[in-house]
Amino acid sequence: MKNTTYEVTKSNEYFEKAKEVIPGGIFGHYKYAVRDTGPKFFSRSEGAYFWDLDDNRYIDLMCGYGPSILGYNHPEVEEAFKTSSEKGNTVSLASPIMVIVKIEDCYHRVSPWMQDKSRPGIIDSDNEHVLKIKWNDIEGLEELLSLNGDDIACFISSPYDHPVSRDNSLPEEGYWKKITSLCEQYGVLTIVDDVRAGFRINLGGSNVAFDFSPDMICFGKAIANGHPLASLVGKEKLKHSAEKVYFTGTQFFSAPPMAAALATLDQLQKENAPNKLIEYGENLNRRLVKVAEKEGFNLIASGIPSMPYYRLEDVDFETHFRWIDECVRRGVYMLGYHNHFISLAHRNEDIEFIENTAKQAFQSL
Ligand SMILES: Cc1ncc(COP(=O)(O)O)c(C=O)c1O
(Lines give C-alpha, C1' and ligand atoms only; values in the text may rest on other atoms or scores of the structure.)
Protein backbone atom coordinates (compact mmCIF):
# COMPACT_ATOMS: atom_id res chain seq x y z
CA MET A 1 0.00 0.00 0.00
CA LYS A 2 1.30 3.45 -0.94
CA ASN A 3 2.24 5.62 1.98
CA THR A 4 0.57 8.77 0.72
CA THR A 5 -1.39 11.34 2.65
CA TYR A 6 -4.37 13.20 1.25
CA GLU A 7 -4.66 16.87 0.32
CA VAL A 8 -8.01 18.45 1.20
CA THR A 9 -7.57 21.75 -0.67
CA LYS A 10 -11.03 21.86 -2.27
CA SER A 11 -12.73 20.89 0.98
CA ASN A 12 -10.93 23.75 2.72
CA GLU A 13 -11.85 26.24 -0.02
CA TYR A 14 -15.54 25.33 0.24
CA PHE A 15 -15.32 25.44 4.02
CA GLU A 16 -14.00 29.02 3.90
CA LYS A 17 -16.84 29.97 1.50
CA ALA A 18 -19.41 28.25 3.72
CA LYS A 19 -18.21 30.20 6.75
CA GLU A 20 -19.30 33.40 5.02
CA VAL A 21 -22.96 32.37 5.18
CA ILE A 22 -23.31 29.54 7.71
CA PRO A 23 -22.34 30.04 11.36
CA GLY A 24 -19.14 28.04 11.84
CA GLY A 25 -19.24 26.84 8.20
CA ILE A 26 -21.02 23.57 8.97
CA PHE A 27 -23.95 23.11 11.32
CA GLY A 28 -25.04 20.08 13.34
CA HIS A 29 -22.92 17.30 14.83
CA TYR A 30 -20.25 17.42 12.12
CA LYS A 31 -19.29 20.94 13.28
CA TYR A 32 -17.53 19.30 16.25
CA ALA A 33 -15.71 16.76 14.11
CA VAL A 34 -14.08 19.14 11.61
CA ARG A 35 -10.27 18.77 11.63
CA ASP A 36 -7.74 20.94 9.75
CA THR A 37 -6.26 18.01 7.81
CA GLY A 38 -9.56 16.15 7.34
CA PRO A 39 -12.27 16.25 4.65
CA LYS A 40 -15.18 18.68 5.11
CA PHE A 41 -17.60 17.76 2.29
CA PHE A 42 -18.28 14.56 0.35
CA SER A 43 -18.82 14.31 -3.40
CA ARG A 44 -20.17 10.74 -3.68
CA SER A 45 -20.55 7.50 -1.75
CA GLU A 46 -20.91 3.80 -2.48
CA GLY A 47 -21.00 0.79 -0.17
CA ALA A 48 -18.44 1.26 2.62
CA TYR A 49 -16.74 4.25 0.95
CA PHE A 50 -17.17 7.95 0.40
CA TRP A 51 -15.11 10.37 -1.64
CA ASP A 52 -14.40 13.96 -0.59
CA LEU A 53 -14.41 17.04 -2.83
CA ASP A 54 -10.74 16.43 -3.65
CA ASP A 55 -11.68 12.94 -4.86
CA ASN A 56 -9.91 11.17 -2.00
CA ARG A 57 -11.50 7.84 -1.13
CA TYR A 58 -12.21 6.89 2.50
CA ILE A 59 -13.26 3.60 4.07
CA ASP A 60 -16.01 5.01 6.27
CA LEU A 61 -15.93 3.72 9.82
CA MET A 62 -18.61 6.25 10.87
CA CYS A 63 -21.37 5.13 8.44
CA GLY A 64 -23.05 8.56 8.56
CA TYR A 65 -23.08 8.23 12.39
CA GLY A 66 -24.98 4.95 12.13
CA PRO A 67 -27.66 4.98 9.43
CA SER A 68 -25.62 3.24 6.74
CA ILE A 69 -25.96 -0.33 7.97
CA LEU A 70 -26.18 -1.98 4.54
CA GLY A 71 -23.75 0.48 2.92
CA TYR A 72 -24.39 3.63 0.91
CA ASN A 73 -26.69 3.44 -2.14
CA HIS A 74 -27.94 -0.04 -1.43
CA PRO A 75 -29.79 -1.13 -4.62
CA GLU A 76 -32.85 -2.80 -3.02
CA VAL A 77 -33.38 0.05 -0.55
CA GLU A 78 -32.98 2.77 -3.17
CA GLU A 79 -35.33 0.89 -5.53
CA ALA A 80 -38.02 0.68 -2.82
CA PHE A 81 -37.56 4.38 -2.06
CA LYS A 82 -37.80 5.32 -5.75
CA THR A 83 -40.87 3.17 -6.41
CA SER A 84 -42.65 4.70 -3.43
CA SER A 85 -41.58 8.26 -4.40
CA GLU A 86 -43.09 7.80 -7.82
CA LYS A 87 -46.47 7.18 -6.18
CA GLY A 88 -46.10 10.27 -4.01
CA ASN A 89 -43.98 11.47 -1.12
CA THR A 90 -45.67 13.64 1.50
CA VAL A 91 -49.31 13.36 0.42
CA SER A 92 -52.40 14.57 2.34
CA LEU A 93 -53.26 11.01 3.35
CA ALA A 94 -51.25 8.32 5.06
CA SER A 95 -49.71 5.62 2.93
CA PRO A 96 -50.95 2.06 3.57
CA ILE A 97 -47.37 0.93 4.19
CA MET A 98 -47.31 3.13 7.31
CA VAL A 99 -47.82 0.42 9.92
CA ILE A 100 -45.09 1.59 12.24
CA VAL A 101 -46.74 3.29 14.70
CA LYS A 102 -31.54 9.30 31.69
CA ILE A 103 -28.30 8.09 32.50
CA GLU A 104 -25.61 10.86 32.86
CA ASP A 105 -24.02 11.78 29.50
CA CYS A 106 -26.52 9.59 27.66
CA TYR A 107 -27.64 11.33 24.46
CA HIS A 108 -31.30 11.25 23.42
CA ARG A 109 -31.40 14.11 20.92
CA VAL A 110 -31.40 17.89 21.31
CA SER A 111 -34.75 18.63 22.97
CA PRO A 112 -34.30 21.13 25.82
CA TRP A 113 -35.04 18.50 28.53
CA MET A 114 -32.04 16.56 27.31
CA GLN A 115 -29.54 19.40 27.05
CA ASP A 116 -27.01 20.49 29.63
CA LYS A 117 -27.91 23.68 31.52
CA SER A 118 -24.70 25.34 30.31
CA ARG A 119 -25.80 25.26 26.65
CA PRO A 120 -26.93 28.56 25.13
CA GLY A 121 -30.73 28.89 25.00
CA ILE A 122 -31.40 26.41 27.80
CA ILE A 123 -33.18 27.70 30.89
CA ASP A 124 -33.35 26.11 34.33
CA SER A 125 -36.93 24.95 33.97
CA ASP A 126 -36.09 23.03 30.77
CA ASN A 127 -34.58 20.16 32.68
CA GLU A 128 -35.72 20.64 36.24
CA HIS A 129 -37.82 17.48 35.90
CA VAL A 130 -34.92 15.35 34.74
CA LEU A 131 -33.06 13.30 37.32
CA LYS A 132 -29.80 11.56 36.49
CA ILE A 133 -27.98 8.49 37.70
CA LYS A 134 -24.67 7.01 36.61
CA TRP A 135 -24.46 4.03 34.25
CA ASN A 136 -24.62 0.59 35.91
CA ASP A 137 -25.73 2.25 39.16
CA ILE A 138 -28.66 0.16 40.39
CA GLU A 139 -28.39 1.62 43.89
CA GLY A 140 -28.59 5.13 42.44
CA LEU A 141 -31.92 4.29 40.83
CA GLU A 142 -33.14 2.52 43.96
CA GLU A 143 -32.43 5.64 46.01
CA LEU A 144 -34.15 7.97 43.54
CA LEU A 145 -37.19 5.72 43.40
CA SER A 146 -37.46 5.45 47.16
CA LEU A 147 -37.33 9.27 47.44
CA ASN A 148 -39.42 10.26 44.40
CA GLY A 149 -40.98 7.06 43.10
CA ASP A 150 -44.51 8.43 42.94
CA ASP A 151 -43.45 11.38 40.77
CA ILE A 152 -41.31 9.48 38.28
CA ALA A 153 -42.93 8.65 34.94
CA CYS A 154 -40.17 6.83 33.11
CA PHE A 155 -36.57 5.65 33.04
CA ILE A 156 -34.86 6.21 29.68
CA SER A 157 -31.50 4.78 28.71
CA SER A 158 -29.59 3.36 25.79
CA PRO A 159 -29.19 -0.45 26.03
CA TYR A 160 -25.53 -0.02 26.97
CA ASP A 161 -23.48 3.07 27.73
CA HIS A 162 -22.13 4.72 24.56
CA PRO A 163 -21.30 8.31 25.51
CA VAL A 164 -18.81 10.49 23.62
CA SER A 165 -15.21 10.98 24.78
CA ARG A 166 -15.29 7.99 27.13
CA ASP A 167 -14.87 4.22 26.89
CA ASN A 168 -18.20 2.54 26.17
CA SER A 169 -19.51 0.15 28.79
CA LEU A 170 -21.82 -2.88 28.72
CA PRO A 171 -24.47 -3.62 31.36
CA GLU A 172 -23.19 -5.58 34.32
CA GLU A 173 -24.60 -9.07 34.88
CA GLY A 174 -28.23 -8.79 36.01
CA TYR A 175 -28.32 -4.98 35.61
CA TRP A 176 -31.29 -4.72 33.26
CA LYS A 177 -33.35 -7.40 35.02
CA LYS A 178 -32.96 -5.49 38.28
CA ILE A 179 -33.67 -2.10 36.67
CA THR A 180 -36.86 -3.29 34.96
CA SER A 181 -38.10 -5.01 38.08
CA LEU A 182 -37.47 -1.89 40.22
CA CYS A 183 -39.28 0.28 37.67
CA GLU A 184 -42.21 -2.11 37.56
CA GLN A 185 -42.41 -2.05 41.36
CA TYR A 186 -42.76 1.76 41.32
CA GLY A 187 -45.00 1.97 38.23
CA VAL A 188 -42.22 3.65 36.21
CA LEU A 189 -42.03 2.94 32.46
CA THR A 190 -38.73 1.75 31.02
CA ILE A 191 -37.79 3.25 27.65
CA VAL A 192 -34.81 2.03 25.67
CA ASP A 193 -33.20 4.46 23.26
CA ASP A 194 -32.00 2.03 20.62
CA VAL A 195 -31.52 4.77 18.03
CA ARG A 196 -27.78 4.16 17.76
CA ALA A 197 -27.30 0.49 18.63
CA GLY A 198 -30.55 -0.76 17.08
CA PHE A 199 -30.09 -3.53 14.45
CA ARG A 200 -26.36 -3.81 15.24
CA ILE A 201 -26.81 -6.18 18.20
CA ASN A 202 -30.13 -7.95 17.63
CA LEU A 203 -32.86 -7.37 15.03
CA GLY A 204 -35.56 -7.76 17.71
CA GLY A 205 -34.07 -4.84 19.67
CA SER A 206 -30.82 -4.68 21.62
CA ASN A 207 -32.77 -5.59 24.77
CA VAL A 208 -33.14 -9.14 23.40
CA ALA A 209 -29.36 -9.58 23.55
CA PHE A 210 -29.31 -8.27 27.13
CA ASP A 211 -32.33 -10.40 28.07
CA PHE A 212 -34.90 -7.87 29.29
CA SER A 213 -38.19 -6.44 28.12
CA PRO A 214 -38.65 -2.64 28.23
CA ASP A 215 -42.04 -0.90 27.89
CA MET A 216 -41.01 1.17 24.90
CA ILE A 217 -38.12 1.23 22.41
CA CYS A 218 -37.08 4.06 20.06
CA PHE A 219 -35.41 3.18 16.77
CA GLY A 220 -33.98 5.52 14.15
CA LYS A 221 -30.70 5.86 12.26
CA ALA A 222 -30.20 2.45 10.59
CA ILE A 223 -33.91 1.63 10.28
CA ALA A 224 -34.09 2.95 6.70
CA ASN A 225 -30.38 2.78 5.78
CA GLY A 226 -30.06 6.58 5.80
CA HIS A 227 -33.53 7.71 4.73
CA PRO A 228 -35.06 9.88 7.42
CA LEU A 229 -37.26 7.79 9.68
CA ALA A 230 -37.67 6.96 13.35
CA SER A 231 -40.10 4.70 15.12
CA LEU A 232 -41.39 4.23 18.62
CA VAL A 233 -42.67 0.79 19.59
CA GLY A 234 -44.33 -0.14 22.84
CA LYS A 235 -46.17 -2.81 24.76
CA GLU A 236 -49.83 -3.46 24.02
CA LYS A 237 -50.90 -2.06 27.43
CA LEU A 238 -49.67 1.44 26.34
CA LYS A 239 -51.63 1.62 23.08
CA HIS A 240 -54.66 3.27 24.64
CA SER A 241 -52.59 6.01 26.32
CA ALA A 242 -50.50 6.48 23.17
CA GLU A 243 -53.69 7.12 21.20
CA LYS A 244 -54.37 10.20 23.33
CA VAL A 245 -50.94 11.77 22.76
CA TYR A 246 -50.91 14.58 20.21
CA PHE A 247 -47.95 13.92 17.95
CA THR A 248 -47.47 14.81 14.30
CA GLY A 249 -45.37 16.82 11.83
CA THR A 250 -45.45 18.10 8.26
CA GLN A 251 -43.56 15.14 6.81
CA PHE A 252 -45.36 12.61 9.00
CA PHE A 253 -46.94 10.89 6.00
CA SER A 254 -43.78 10.81 3.90
CA ALA A 255 -44.03 7.27 2.51
CA PRO A 256 -40.75 6.58 0.65
CA PRO A 257 -38.64 6.37 3.85
CA MET A 258 -41.14 3.75 5.11
CA ALA A 259 -40.68 1.77 1.91
CA ALA A 260 -36.90 2.09 2.33
CA ALA A 261 -37.25 0.86 5.93
CA LEU A 262 -39.19 -2.24 4.90
CA ALA A 263 -36.53 -3.02 2.28
CA THR A 264 -33.74 -2.40 4.82
CA LEU A 265 -35.31 -4.63 7.47
CA ASP A 266 -35.85 -7.32 4.86
CA GLN A 267 -32.18 -7.23 3.85
CA LEU A 268 -30.98 -7.18 7.46
CA GLN A 269 -33.05 -10.27 8.19
CA LYS A 270 -31.91 -12.11 5.07
CA GLU A 271 -28.27 -11.35 5.86
CA ASN A 272 -28.52 -12.14 9.59
CA ALA A 273 -26.91 -8.72 9.92
CA PRO A 274 -26.05 -8.36 13.63
CA ASN A 275 -24.01 -11.59 13.69
CA LYS A 276 -22.02 -10.56 10.62
CA LEU A 277 -21.46 -7.02 11.90
CA ILE A 278 -20.31 -8.25 15.30
CA GLU A 279 -17.99 -10.83 13.76
CA TYR A 280 -16.46 -8.21 11.46
CA GLY A 281 -16.02 -5.78 14.36
CA GLU A 282 -14.37 -8.47 16.52
CA ASN A 283 -11.89 -9.20 13.75
CA LEU A 284 -11.20 -5.50 13.15
CA ASN A 285 -10.71 -4.84 16.87
CA ARG A 286 -8.39 -7.82 17.28
CA ARG A 287 -6.21 -6.75 14.38
CA LEU A 288 -6.09 -3.08 15.33
CA VAL A 289 -5.19 -3.89 18.93
CA LYS A 290 -2.43 -6.21 17.67
CA VAL A 291 -1.00 -3.70 15.22
CA ALA A 292 -1.01 -1.06 17.96
CA GLU A 293 0.86 -3.41 20.27
CA LYS A 294 3.49 -4.13 17.61
CA GLU A 295 4.04 -0.39 17.20
CA GLY A 296 4.32 0.12 20.95
CA PHE A 297 0.82 1.43 21.67
CA ASN A 298 -2.05 0.17 23.80
CA LEU A 299 -5.35 0.49 21.91
CA ILE A 300 -8.51 -0.06 23.94
CA ALA A 301 -11.60 -1.11 21.96
CA SER A 302 -14.79 -0.84 24.04
CA GLY A 303 -18.54 -1.18 23.49
CA ILE A 304 -20.04 -3.78 21.18
CA PRO A 305 -17.78 -4.89 18.30
CA SER A 306 -20.26 -3.67 15.63
CA MET A 307 -19.95 -0.15 17.14
CA PRO A 308 -16.39 0.02 18.49
CA TYR A 309 -15.06 2.96 20.51
CA TYR A 310 -11.28 3.31 20.24
CA ARG A 311 -8.91 4.97 22.72
CA LEU A 312 -5.14 4.96 23.02
CA GLU A 313 -4.19 4.20 26.60
CA ASP A 314 -1.16 5.80 28.33
CA VAL A 315 -0.88 8.70 25.87
CA ASP A 316 -2.44 12.16 26.08
CA PHE A 317 -5.65 13.08 24.27
CA GLU A 318 -3.68 15.01 21.68
CA THR A 319 -1.62 11.98 20.60
CA HIS A 320 -4.80 9.92 20.33
CA PHE A 321 -6.36 12.59 18.09
CA ARG A 322 -3.18 12.82 16.00
CA TRP A 323 -3.34 9.06 15.40
CA ILE A 324 -6.96 9.39 14.24
CA ASP A 325 -6.04 12.36 11.99
CA GLU A 326 -3.21 10.35 10.45
CA CYS A 327 -5.62 7.47 9.70
CA VAL A 328 -8.08 9.88 8.06
CA ARG A 329 -5.27 11.44 5.98
CA ARG A 330 -4.57 7.97 4.60
CA GLY A 331 -8.14 7.07 3.72
CA VAL A 332 -9.81 5.58 6.79
CA TYR A 333 -12.52 7.83 8.12
CA MET A 334 -12.63 7.74 11.94
CA LEU A 335 -13.49 10.06 14.81
CA GLY A 336 -11.50 10.66 17.98
CA TYR A 337 -14.35 11.02 20.46
CA HIS A 338 -17.22 8.88 19.17
CA ASN A 339 -17.94 5.19 18.68
CA HIS A 340 -17.55 3.90 15.13
CA PHE A 341 -20.02 1.86 13.07
CA ILE A 342 -19.64 -1.24 10.91
CA SER A 343 -21.89 -1.84 7.88
CA LEU A 344 -22.54 -4.94 5.80
CA ALA A 345 -20.71 -3.19 2.95
CA HIS A 346 -17.37 -3.38 4.79
CA ARG A 347 -15.26 -6.14 3.22
CA ASN A 348 -12.36 -8.25 4.45
CA GLU A 349 -9.97 -6.43 2.13
CA ASP A 350 -11.04 -3.20 3.83
CA ILE A 351 -9.74 -4.63 7.12
CA GLU A 352 -6.32 -5.13 5.50
CA PHE A 353 -6.35 -1.53 4.33
CA ILE A 354 -7.46 -0.24 7.74
CA GLU A 355 -4.79 -2.32 9.48
CA ASN A 356 -2.02 -1.02 7.19
CA THR A 357 -3.28 2.52 7.53
CA ALA A 358 -3.36 2.28 11.32
CA LYS A 359 0.21 0.95 11.27
CA GLN A 360 1.48 3.82 9.11
CA ALA A 361 -0.42 6.29 11.27
CA PHE A 362 1.30 4.88 14.41
CA GLN A 363 4.68 5.09 12.70
CA SER A 364 4.07 8.75 11.81
CA LEU A 365 3.48 9.79 15.44
C1 LIG B 1 -28.68 7.23 21.33
C2 LIG B 1 -29.27 8.29 20.44
N3 LIG B 1 -30.53 8.72 20.67
C4 LIG B 1 -31.11 9.66 19.91
C5 LIG B 1 -30.42 10.24 18.86
C6 LIG B 1 -31.11 11.29 18.03
O7 LIG B 1 -31.39 10.79 16.78
P8 LIG B 1 -31.88 11.81 15.64
O9 LIG B 1 -30.78 12.82 15.50
O10 LIG B 1 -32.03 10.95 14.45
O11 LIG B 1 -33.13 12.40 16.11
C12 LIG B 1 -29.12 9.84 18.57
C13 LIG B 1 -28.36 10.47 17.49
O14 LIG B 1 -27.15 10.44 17.43
C15 LIG B 1 -28.52 8.84 19.39
O16 LIG B 1 -27.27 8.41 19.16
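(A) How the structure looks around helix H4 (residues 175-186). A rise of 1.5 Å per residue sets the reference length of H4, with its 12 residues, at 16 Å; its end C-alpha atoms lie 17 Å apart and thus fit the reference within 8%. All of the buried residues along H4 are Trp176, Ile179 and Cys183. Buried residues along H4 cover an arc of 60 degrees about the axis, so they all sit on one side. Away from its buried face, by an angle of more than 90 degrees, H4 presents the exposed residues Ser181, Glu184 and Gln185. Directly beyond the C-terminal end of H4, a positive phi value near 65 degrees is found at glycine 187.

(B) Focus on the nonpolar core. The biggest cluster of nonpolar side chains holds 68 residues, and the ones touching the most others in it are Ile69, Ala260, Cys327, Val332 and Met334. Element by element, the count of residues in this core is highest for helix H8 (residues 273-294), at 7 residues. Apart from residues no more than four positions distant in its own chain, valine 332 is found in contact with Tyr58, Ile59, Leu61, Cys327, Ile354 and Thr357.

(C) Here's a closer look at the environment of glycine 220. Within the secondary structure, glycine 220 sits in the loop between strand E6 (216-219) and strand E7 (231-234). Along the primary structure glycine 220 and isoleucine 354 are separated by 134 residues, whereas in three dimensions their C-alpha atoms are 28 Å apart. Apart from the residues within four sequence positions on either side, glycine 220 is in contact with Val195 and Ala230.

(D) Just the sheet that holds strand E3 (residues 57-60), in detail. Across the sheet, 4 strands lie side by side as E1-E2-E3-E10; this open sheet has mixed pairing. Two strands in the sheet have a free side with no partner beyond their single neighbour: strand E1 (42-46) and strand E10 (332-333).

(E) Highlighting helix H10 (residues 348-363). For H10, with 16 residues, the first-to-last C-alpha span of 23 Å sits near the 22 Å given by 1.5 Å per residue. Within H10 the residues assigned to the buried category are Asp350, Ile354, Thr357, Ala358, Gln360 and Ala361. Down the axis of H10, the buried set is contained in an arc of 165 degrees. They therefore lie on one face. Summarising the geometry of H10, the exposed residues directed more than 90 degrees from the buried face are Asn348, Glu349, Glu352 and Gln363. Buried residues in H10 make contact with E3, H8, helix H9 (317-328) and E10.

Cut-offs used in this document
- Residues numbered from 1 in each chain as written.
- Predicted model: local features only at pLDDT ≥ 70, side-chain atom pairs only at ≥ 80, totals over all residues.
- Helix = DSSP H or I, 4+ residues; strand = E, 2+ residues; numbered from the N terminus.
- Expected span 1.5 Å × (residues − 1).
- Buried ≥ 20, exposed ≤ 12 C-beta atoms within 10 Å, placed from the backbone.
- Arc of directions from axis to C-beta.
- Core = buried A, V, L, I, M, F, W, Y, C linked by C-beta atoms within 7 Å.
- Contact = placed C-beta atoms within 7 Å.
- Pairing = 2+ DSSP bridges.

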